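Read off the chains here:
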Amino acid sequence: MAFSKKPWAEPYRIKVVEPLKTTTREHRLKSMKEAGWNTFLLHADDVYIDLLTDSGTNAMSDMQWSRMMIGDEAYAGSRSYYYLEEVCRKYYGYKYILPTHQGRGAENLLSKCTITPGQFVAGNMYFTTTRQHQEIAGGTFVDVIIDEAHKSQSDHPFKGNIDLDKFEKLINEKGAGNIAYITVGAPVNMAGGQPVSMANMKAVSELAHKHGIKVVLDATRNIENAYFIQQREEGYKNRAVEDINHEFCSYSDAATVSAKKDLYVNIGGLVMCNDPDLFDELRSLIVVYEGMPTYGGLAGRDMEAMAQGLIEAVQDDMIASRVRQVEYFGNLLKDAGIPIVLPIGGHGVFLDARKFYSHIPQSQFPAQKLAADLYIESGVRGMERGIVSAGRNKDTGDHYYPALELVRLTIPRRVYTQAHFDVAAWSIMEMYKNREKARGLKMVYEPKYLRFFQARFEEL
Ligand SMILES: Cc1ncc(COP(=O)(O)O)c(C=O)c1O
Ligand SMILES: N[C@@H](Cc1ccc(O)cc1)C(=O)O
């Protein structure tokens with residue numbers, strides 16, 4: 001085989017393995033029916049290659065496991081907290097750091113401390129848990145992402161960027177005092193893992209600060225974002241990902257993080273800020289929802305693993321192999337003519353269900369069905385990211401009809417090999433040949449909050 005460019009390889013070797021289970025199509029069809037056509041409701045034991053999420057599904061390193069042994073489980077003043085604080089300060093640069101049990105714990109605290117009921121929150125496309133907490137705190141989310149983000153085939157290199165005109169229009173219409181903050185997710189999960197450029201982040205920060213509006217970063221996958229900046233933005237080619245990440249954070253006032261992604265752990269979150277008054281409020285509220293400020297719902301050993309995970313995550317070769325594995329999988333599908341979101345994102349490959357199942361109307365949940373069918377045919381589990389995930393407008397009660405109707409195939413870090421992606425890609429290509437036979441779904445159970453996690457469906 002001739003290589004068109006220099007190949008890459010993982011900067012680690014495998015020390016421990018976990019067997020995978022294969023099942024029959026008959027068994028999977030039965031399991032899917034029992035799960036109400038919702039991949040979240042399957043038993044993980046019935047899944048072969050699990051691409052549901054990259055959240056908490058990471059493989060930890062030998063150093064992370066070693067550090068877990070020295071976790072300090074003190075209720076108050078844990079040494080492991082002070083170590084985590086030091087490492088986070090070094091790599092993210094914020095003054096004040098609090099651990100939380102996971103990302104949504106951080107979002108809950110931040111939303112409660114910063115949103116006055118009736119205020120608006122601007123952002124670059126909604127994220128499910130983030131918007132839910134903003135709404136529970138009395139806020140209304142307004143999407144100010146660039147239009148390209150809503151187009152699955154646009155090849156804009158920074159589809160996560162904020163549209164500065166949309167943001168300025170919002171400020172002029174509502175008044176700066178009625179905007180609690182602007183939240184920048186980088187990369188944007190729901191848009192397909194699409195990054196935000198440094199230039200855009202800087203411009204957003206300038207515009208927001210000119211009007212006295214705070215910038216809150218969702219830094220959950222910030223290191224992936226920094227890698228894209230290094231690869232795609234002029235002036236960053238020779239800068240280390242570690243530096244780029246630090247500079248990006250410096251344009252924001254606060255950040256929430258689900259550590260279950262970039263930080264290579266199975267549980268954990270962070271809320272960080274520079275303002276002592278905000279810190280004071282967060283520190284006061286954290287004891288109500290999470291625990292003492294020096295453990296925030298985590299064990300000491302979890303904080304040790306997070307700190308070590310962050311040190312590993314910012315290494316250029318580690319992040320390059322992470323993103324390039326996603327790219328490898330995406331290219332297999334793209335080259336076979338399977339409709340996916342382009343450019344290929346940082347944490348997963350997203351199938352375009354509008355194109356894949358073009359005969360199923362959005363009201364019959366084509367992405368939900370595609371995720372279910374993929375599982376039945378191959379044992380590969382992905383998740384819906386379309387009309388079900390988008391939920392309902394909190395004022396009118398109507399479904400949102402998002403432009404993107406996607407199935408996300410998310411890549412856990414350091415878990416699967418290229419051969420797993422060959423098998424997953426082959427299964428999708430086989431399914432694509434028979435796509436006209438698929439039928440849509442109707443929703444038969446809809447929970448009040450974050451419905452996609454637990455909704456149930458029947459086949460039409
Ligand atoms: C971009 C983003 N923000 C926030 C969260 C919330 O984090 P968690 O799942 O740890 O609560 C997630 C994942 O849920 C995410 O992908
Ligand atoms: N943040 C995780 C877990 C999650 C999944 C879906 C959600 O809508 C919310 C949370 C992820 O993106 O995979």
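Predicted model, so just to flag it, every value in this text is computed and none were measured. (Residues numbered from 1 in each chain as written. Chains lettered and ligands numbered in written order. Predicted model: local features only at pLDDT ≥ 70, side-chain atom pairs only at ≥ 80, totals over all residues. Heavy atoms only, no water.)

### Here's the deal with the domain arrangement of the chain
Domain boundaries in the chain define domain 1 (25–54 + 316–459) and domain 2 (62–313). Taking only C-alpha atoms, the centre of domain 1 and the centre of domain 2 are 26 Å apart. For the pair domain 1 and domain 2, the two sides together bury roughly 3,100 Å², of which 55% comes from carbon and sulfur. Our count for the domain 1 to domain 2 interface comes out at 4 salt bridges. Residue Glu 224 pairs with Arg 413 through a salt bridge whose shortest N-O separation is 3.0 Å. Here domain 1 is connected to domain 2 by 19 residue pairs in polar contact (both at pLDDT 80 or more). Here the side of domain 1 that touches domain 2 takes 7 residues from helix α12 (residues 316–335), the largest share from any one element. Grouping the constituent residues of the side of domain 1 that touches domain 2 by class yields 19 nonpolar, 5 polar and 11 charged. (Domains from an automatic or database assignment. Buried area = accessible area lost by both parts, 1.4 Å probe. Salt bridge = Lys/Arg side-chain N within 4 Å of Asp/Glu carboxyl O. Polar contact = N/O pair within 3.5 Å; in protein donor to acceptor, adjacent residues only side chain to side chain. Helix = DSSP H or I, 4+ residues; strand = E, 2+ residues; numbered from the N terminus. Nonpolar A, V, L, I, M, F, W, Y, C, P; charged D, E, K, R; others polar.)

### Brief notes about the site of ligand 1
In the vicinity of ligand 1 lie 13 residues, with Gly 103, Arg 104, Asp 218, Ser 258 and Lys 261 positioned nearest. One nitrogen or oxygen atom from the main chain of Gly 103 is found 2.8 Å from an oxygen atom belonging to ligand 1. In the environment of ligand 1, an oxygen atom lies 2.8 Å from a nitrogen or oxygen atom belonging to the side chain of Asn 189. In isolation ligand 1 has 380 Å² of accessible area, and contact with the protein removes 93% of it. Here the element with the most residues in the shell around ligand 1 is helix α4 (residues 103–114); it accounts for 3 residues. Considered class by class, the residues forming the shell around ligand 1 number 1 nonpolar, 6 polar and 6 charged. (Near = heavy atom within 4 Å. Areas by Shrake-Rupley, 256 points an atom, 1.4 Å probe, with all protein chains shown as cover.)

### A short note on the packing of aromatic side chains
In this structure the tally under the stated criterion is 12 aromatic pairs. Ring centres 6.3 Å apart and planes at 55 degrees place the aromatic pair Tyr 227 and Phe 228 in the tilted group. Assigned by exposure class, Tyr 227 and Phe 228 land together as buried. Each member of the aromatic cluster is reached from another via a ring pair, and the members are Phe 40, Phe 452 and Phe 453. Between Arg 385 and the ring centre of Phe 452, over which it is positioned, the NZ or CZ distance is 4.9 Å. The aromatic ring of Tyr 432 is capped on one face by Arg 435, whose charged end is 3.8 Å from the ring centroid. (Phe/Tyr/Trp six-rings, centres within 6.5 Å; stacked < 30°, edge-to-face > 60°. Buried < 20%, exposed > 50% of the residue type's maximum accessible area, 1.4 Å probe, protein only. Lys NZ or Arg CZ within 6 Å of the ring centre and 35° of its normal.)

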